[in-house]
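The primary structure of each chain is shown beneath.
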Amino acid sequence: MSILELKKVQKIFGSGRTKVEAMKKTDFEAEKGELIAVIGPSGSGKSTFLSLAGGLQTPTSGEVMINGTALADLAEKKRAKLRLKEIGFVLQASNLVPYLNVGQQMQLLNKVKKGNMRKEEAETLYQTLGIEHLLHHFPKDLSGGEKQRVAIAKALYTNPSIILADEPTASLDSDRAFEVMNMLKEITKEKQKATIVVTHDTRLIDDCDKVYKMIDGKLELQEKIHHMI
Amino acid sequence: MFLAWNEIKNNKLRFLLVTGVLVLISYLVFFLSGLANGLEQLNREAVDKWEADGIILTEEADLRLQQSILSADDFDGNGVDEYTELTQLSAIASNGTEKENVYIFAVKEDSFIMPAVTEGNVFMDAGEVIADDTLKENGFAIGDELSLSSTDETLEIVGFTDKARFNAAPVLFTDRNTLETLQYGETVEEADDAVNAFVIRTDNLGRVETDEALQVVDTEIFIKNLPGYTEQNLTLTWMIYFLFIISAVVLAIFLYVLTIQKISIFGVMKAQGISSGYLARSVIGQTFLLSLAGVWIGVVLAVVTGLFLPAAVPVAFNYIEMLIYGIVLIAVSVIGAFISVQTIVRIDPLKAIGG
Ligand SMILES: Nc1ncnc2c1ncn2[C@@H]1O[C@H](COP(=O)(O)OP(=O)(O)OP(=O)(O)O)[C@@H](O)[C@H]1O
Ligand SMILES: [Mg+2]
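Each chain carries its own residue numbering, running from 1 in the written order of its sequence. Here every chain gets a letter starting at A, and every ligand a number starting at 1, in the order they are written. Totals for whole chains, interfaces and linings use every residue, but because this is a predicted model, local features are given only for residues with pLDDT of at least 70 and side-chain atom pairs only at 80 or more, for both listing and counting. As a rule here, side-chain values cover all heavy atoms of the structure and leave hydrogens and water aside.

### Here we look at the site of ligand 1
Here a residue is near a molecule or strand as soon as one of its heavy atoms is found within 4 Å of it. Neighbouring residues of ligand 1: 12 residues in total, closest Ser-42, Gly-43, Lys-46, Ser-47 and Thr-48 of chain A. Near ligand 1, residues from chains A and B are present, making the site a shared one. Ser-44 of chain A is positioned such that a nitrogen or oxygen atom in its backbone is 3.3 Å from an oxygen atom of ligand 1. Contact distances for ligand 1 include 2.6 Å between an oxygen atom and a side-chain N or O atom of Thr-48 of chain A. Isolated, ligand 1 exposes 640 Å² of accessible area, and the fraction of that covered by the protein chains is 63%. When residues are grouped by polarity, Ala, Val, Leu, Ile, Met, Phe, Trp, Tyr, Cys and Pro land in nonpolar, Asp, Glu, Lys and Arg in charged, and all others, Gly among them, in polar. Taken together, the residues of the shell around ligand 1 break down into 3 nonpolar, 8 polar and 1 charged. What qualifies as a polar contact is a pair of N or O atoms within 3.5 Å, subject to a donor-acceptor requirement within protein and to the restriction that residues adjacent in sequence count only when both atoms come from side chains. A 1.4 Å probe and the Shrake-Rupley method give the accessible areas. Residues count as covered only by the protein chains that appear here.

### Quick word on the nonpolar core
Only buried residues count toward a nonpolar core, which is a set of Ala, Val, Leu, Ile, Met, Phe, Trp, Tyr and Cys residues joined through side-chain atoms within 4.5 Å. Here's how the labels work: a residue is buried when its accessible area is under 20% of the maximum for its type, exposed when over 50%, partly exposed in between, all with a 1.4 Å probe on protein chains only. Ranked by internal contacts, the top residues of the largest apolar core, which has 40 residues, are Leu-108 of chain A together with Leu-3, Val-29, Phe-30, Met-269 and Leu-279 of chain B. Secondary-structure elements contributing two or more residues to this core are helix H1 (2-10), helix H2 (12-50), helix H6 (229-261), helix H7 (263-272), helix H8 (276-308) and helix H9 (319-346) of chain B. When neighbours within four sequence positions are excluded, Leu-3 of chain B is seen to be in contact with Tyr-99, Leu-100 and Leu-108 of chain A together with Met-269, Tyr-278, Leu-279 and Ser-282 of chain B. Of all hydrophobic cores here, the second largest spans 37 residues; its members include Ala-37, Ile-131, Leu-134 and Ile-152 of chain A. Note on conventions: DSSP H or I runs of at least 4 residues are helices, E runs of at least 2 residues are strands, and numbering of each starts at the N terminus. Contact definition: two residues touch when any of their heavy atoms are within 4.5 Å.

### Remarks on the packing of aromatic side chains
Working definition: an aromatic ring pair is given by the centre-to-centre distance plus the angle between the planes. Residues and elements named next belong to chain B. Under the pairing criterion, centres of Phe, Tyr and Trp rings, with the six-membered ring standing for Trp, must be within 6.5 Å; the plane angle then separates stacked pairs below 30 degrees from edge-to-face pairs above 60, leaving the rest tilted. Enumeration according to the criterion identifies 15 aromatic pairs over all chains in this entry. Judged by centre distance (5.7 Å) and plane angle (80°), the ring pair of Trp-238 and Tyr-241 falls under edge-to-face. With Trp-238 and Tyr-241 both in helix H6 and 3 residues apart, this pair spans about one turn of that helix. On the basis of relative accessible area, Trp-238 is assigned to the partly exposed category, the value being 47%. Looking at Tyr-241, the relative accessible area reads 39%, which means it is partly exposed. Taken together, Trp-50, Tyr-103, Phe-105, Phe-166, Phe-173 and Phe-222 form an aromatic cluster joined through their ring pairs.

Pasting the structure below:
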């Protein structure tokens, strides 16, 4: 069984003249241990796709299944619980709480959920992301890239089975971007997670199992071209 | 509480302002309640001290002590446990330097309304009086000779008693002979035995039998009809009630604005899957903490202010009443927070996705 499955999912915003079909009828599956990249031009519907997959918005038609549960069947409260348990979001905009320092961002997750990373695991994570020295800093005192790395740590901290990352490497230098991508891959393989990464950086997609291209709300699987240059 | 407390720590100025508003409102509530209470005391203290259940006045006196004139043998104690007569006169008393509006009560020395002396002696000879100790604070002393506005006779303070103010003036206690001398002069040997009222103690006011022309009045009703008493009281009580309403509105607005500012943060947390319930509890817990702090500081300020006010301002704090008002203020704040909670519940986690 796929951990994440979209069946004929469609999303339409507005109506009449302002109608936008942000996502055309799409079937999609992600398996455990799969690292999937989604590329595509700005405004093509990549963020919309992720938020539908993560249950942040409901599709106009079609069905989203997470771990065999249809999201549409759940009340918002249950859906929030499912998000907390199964999904790690790395959002395009910063998703840090401004009045908590980096360490406390993780502590908050301990308050609302059990089964998060153990101390040693978390420390390794911080080191990989290069934020172990920032635990006492507040978001306002972090650079854009540092914020992004903390956001990634936050998404992984809850041991989700699905990781949805929207441009997680956008504000990182290329060395760090590769490192982060490698780490995502490692975690995906090692812990059998399904990871979907939206990115515009085509250099980063080589290591992915599948690459989709989003064009005007249509998701197309790309043939992987190996050994190019 | 984790979220609530960390937010307070990191936005000290903002929360200091909210608490400041709370402090000011609760300060005002507590101070007004102290004032209302003080004014009550000022009017009724002497009557409360009687621990009487009722008072008998003439029907035509319309509940005013001064207007009620009856004879000492008009009532024979039918249906009461205890009763005694009361005769009163109001006057301006002066010891040469200080002047004060006073009531002079003539009481029987062996009656239950005879005050206990806290300093000095009981009146014995003609012209001797026991005075309420606010007079002492105002510059009167034992041995002072008092001249009165309405007569050439003089009185002498031989002792003080506490808690003896009636209708906003201190009371002088004496016997009926002295009072009659003040009223009719020394020449009148055989004055009529007119008194103003009978003070009674009984389990059942309804059982008390009197002449047609007399009226048995519940002590509480008698007090309520003291000139100005109910008016003063209602004015202040309504001010306090309005303050509760105003504070509820001000706080609700404050908290709402704070919540609106945090919509995107709440959205982020909700996207992650943190429940509305957890966020709502955090906001309510925060409000509770702030209002508890605000109310507490308000109490302290009000009581301290009370200590430093001149004696002429009648503040007296009733701590049980303050406790109730404090709880109401905190409850009102928490109710205000519930409006914000509704906003939190409605926040769309999608707001957090941004670009
Ligand atoms: N809430 C909304 N209401 C109306 N239109 C929307 C809404 N959200 C997205 N859209 C539209 O849907 C389309 C897809 O938007 P989306 O944010 O998914 O693009 P994207 O591929 O993530 O772009 P980018 O790379 O710039 O982040 C856009 O045309 C956008 O204007
Ligand atoms: Mg996007």
